[in-house]
Amino acid sequence: MTVEERIKGRKIGIIGMARSGVAAALLAQKLGGRPFVSDIGGASNLADQLQQLKTAGIPFETDGHTDHLLDCDYIIISPGIPLTSEIVGRIQKKGLPIFSEIEFAFWVCQGKIVAVTGSNGKTTTTTLIGEIFKEAGLKTYVCGNIGLPFAEVVADIPPDGVAVVEVSNFQLETIADFKPQIAMILNLTEDHLDRHGGFEEYKKAKYRITENQTADDHLILNRDDANTKPDVITTSANKLLFSTSDSAATATFVRNGTLYLRRDGSEEDVIACNDILIPGPHNLQNAAAAALATSLLGVNVNSMKQTLSTFTGVEHRLERVDNIAGITFVNDSKATNVDSVRFALQSIPSPLYLIAGGRDKGASYEPLVKHGRGKIKGIIAIGEASEKIMQELGREFPVQFAGSIQEAVHRCFDMAYPGETVLLSPACASFDMFENFEQRGLAFKEAVRELRDGKKNHQSPKV
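Residues numbered from 1 in each chain as written. Predicted model: local features only at pLDDT ≥ 70, side-chain atom pairs only at ≥ 80, totals over all residues. Heavy atoms only, no water.

Novice: Explain the overall build of the protein chain to me, please; I cannot follow it from the model alone.
Specialist: Along the protein chain, the regular secondary structure elements total 17 helices and 20 strands. By the compact-globule yardstick of 23 Å for 463 residues, the protein chain fits well, its C-alpha radius of gyration being 23 Å. Overall, the protein chain is about 70 × 60 × 40 Å in size when its C-alpha atoms are taken along their principal axes. A buried classification covers 57% of the 463 residues belonging to the protein chain. Partitioning the intrachain contacts of the protein chain with sequence separation of at least 6 by distance along the chain shows that 67% fall at a separation of at least 24. Of the roughly 18900 Å² that the protein chain leaves accessible, carbon and sulfur atoms contribute 47%. Taking the average place of the 48 positive charges on the side chains of the protein chain and the average place of its 57 negative ones, the gap between the two points comes to 1 Å. (Helix = DSSP H or I, 4+ residues; strand = E, 2+ residues; numbered from the N terminus. Rg over C-alpha atoms; globule rule 2.2 N^0.38 Å. Buried < 20%, exposed > 50% of the residue type's maximum accessible area, 1.4 Å probe, protein only. Contact = heavy atoms within 4.5 Å. Areas by Shrake-Rupley, 256 points an atom, 1.4 Å probe, with all protein chains shown as cover. Lys, Arg positive; Asp, Glu negative; His and termini not counted. Charge placed at Lys NZ, Arg CZ, Asp CG, Glu CD.)

Novice: What is the right way to read the packing of aromatic side chains from this model?
Specialist: The description of an aromatic ring pair uses the distance of the two centres, along with the angle that the planes make with each other. Using the criterion set out here, one finds eight aromatic pairs in the structure. Their ring planes at 70° and their centres at 5.6 Å tell us that Tyr-74 and Phe-99 sit as a pair that is edge-to-face. Linking Tyr-74 in strand β4 (residues 74-77) with Phe-99 in strand β5 (residues 98-100), this pair joins segments that are 25 residues apart in sequence. Each member of the pair, Tyr-74 together with Phe-99, is buried. Ring centres of Phe-106 and Phe-178 lie 5.8 Å apart, and the angle between their planes is 75°; this geometry places the pair in the edge-to-face category. Of the two residues, Phe-106 is situated in helix α5 (residues 101-108) and Phe-178 in the loop between α8 (169-172) and β9 (182-185); the sequence distance between them amounts to 72 residues. Phe-178 shares its class with Phe-106; the two are buried. The residue whose ring lies beneath Lys-203 is Phe-199, and the NZ or CZ to ring-centre distance is 4.7 Å. Over the aromatic face of Tyr-260 sits the side chain of Arg-255, whose NZ or CZ is 5.1 Å from the ring centroid. (Phe/Tyr/Trp six-rings, centres within 6.5 Å; stacked < 30°, edge-to-face > 60°. Lys NZ or Arg CZ within 6 Å of the ring centre and 35° of its normal.)

Novice: I'm lost on the pattern of salt bridges in this one. Help?
Specialist: Where charged atoms from two side chains of opposite charge approach closely, those side chains can pair. Under the defined criterion, the tally for this structure stands at 27 salt bridges. One salt bridge in this structure joins Glu-384 and Arg-359, with 3.0 Å as the shortest N-O distance. Of the two residues, Glu-384 sits in the loop between β18 (376-382) and α15 (386-393) while Arg-359 sits in the loop between β17 (352-357) and α14 (367-372), which places them 25 residues apart along the sequence. Arg-449 is paired through a salt bridge with Glu-446; the nearest N and O atoms lie 3.1 Å apart. Placement of the pair is Arg-449 and Glu-446 together in helix α17 (residues 437-455), with a separation of three residues, close to one helical turn. Since its relative accessible area comes to 41%, Arg-449 is described here as partly exposed. Three or more residues joined by partner-sharing salt bridges are found here, namely Asp-246, Arg-255, Arg-262 and Glu-267. (Salt bridge = Lys/Arg side-chain N within 4 Å of Asp/Glu carboxyl O.)

Novice: Help me understand the packing of helix α6 (residues 122-135) against helix α11 (residues 281-295) in this model?
Specialist: Think of two packed helices as two axes; the pair is described by the angle between the axes and how far apart they sit. Contact geometry of α6 with α11 gives a least axis separation of 9 Å together with a crossing angle of 45°. Compared by their axis directions, α6 and α11 come out oblique. The two elements α6 and α11 meet at a crossing, and its hand is right-handed. Facing Thr-124, Thr-125, Leu-128, Ile-129, Ile-132 and Phe-133 of α6, the residues of α11 in contact are Asn-283, Asn-286, Ala-287, Ala-289, Ala-290, Ala-293 and Thr-294. Of the residues contributing to the contact of α6 with α11, the split by class is eight nonpolar, five polar and no charged. (Axes fitted to C-alpha atoms, helices over the stretch in contact; angles between N-to-C directions. Parallel < 35°, antiparallel > 145°, perpendicular 65-115°, else oblique. Left-handed = near helix turned anticlockwise from the far one by under 90°. Nonpolar A, V, L, I, M, F, W, Y, C, P; charged D, E, K, R; others polar.)

Structure below.
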């Protein structure tokens, strides 16, 4: 079926007025479709989205989902809406197909697609791949779950362009034909168990990234992760491995402190690991994965080295915010699961006070005992998960409760000494207190700025 047959003149129901939903609606209208957008939220909370839809002349409804959706030919669903929700049940009973926004955008994409998924490192690796491609002169569009919806940029991607798309498990639940030329699963740890009900179902959702790939496509996997080893994933794609150790089976690997690329039967040194600007062993994995992905589209090692030696990372991921009276503040709001916090602990050498909590995702916090012992001096727990954090970590670390990010920052500053770190690395979703992890990270940064303004004329009493 052609793009025109799939979209032109079709009634397309879109559930959710988040940025991806509005982007899908605008794309559908641009291509001759008849979009209708529905959101359970009230109009007062959706002013910006409603203005965009009104300006474009796209019909919509708020405050709930009516039977208007059931009159559509198919549905595009926001990744934030579980497939177990009442509206999805009604749609499935009617027999309407349900697609994700990345599936919808895929139908339109003329360029190549590099799709990145995994439990941790997606945003950093997606951004890094995009920066390497740009350094090499490719027409590059970084999008997806990273903030800029695929549907928002896809119409601008030329046949010789490349879309680097961060893809979540929620988006992969409702794909049909989505087929990237290069797919990547960085790692898999327990996450989103509240949505999937168990680790096995979560992994199955992630593995869908390769289900439509053929022998002409590539699937990049992490040899160092038991859940992404090639023998556990069925695919027709060509499997390629990256590692931070040395193995004949890997396409990118580390030997004697240097990252190497193996292709066409020969080895090339990419960069000394100490010259990679983003810190931590997890970012060495991300660098190895990015080098492998970009090599498949012909990028030379000089472009990789230049980018890896200058790339400072992404906002809200181990982002150094400030140093006040010798105390460093780090924003790691993107760390929404326990394994992400582990990576943060490995990357920060100093003793630290940890701000954690939010909406619990079903996994245990107890692994942080092992990784935080001797490093975490205290925990300030926020949000809905506070009591669980106290129960699972309170026997090992001093745990206090705070009602806001601002209160947590001030408490940590009062306890910390020069040379120590205050780390926001929540291990939880943000939706109990914030719209998203970005808003949570910005609140942390604002609290640090307020602290700086309040302390700028005198030093901490501990100095």
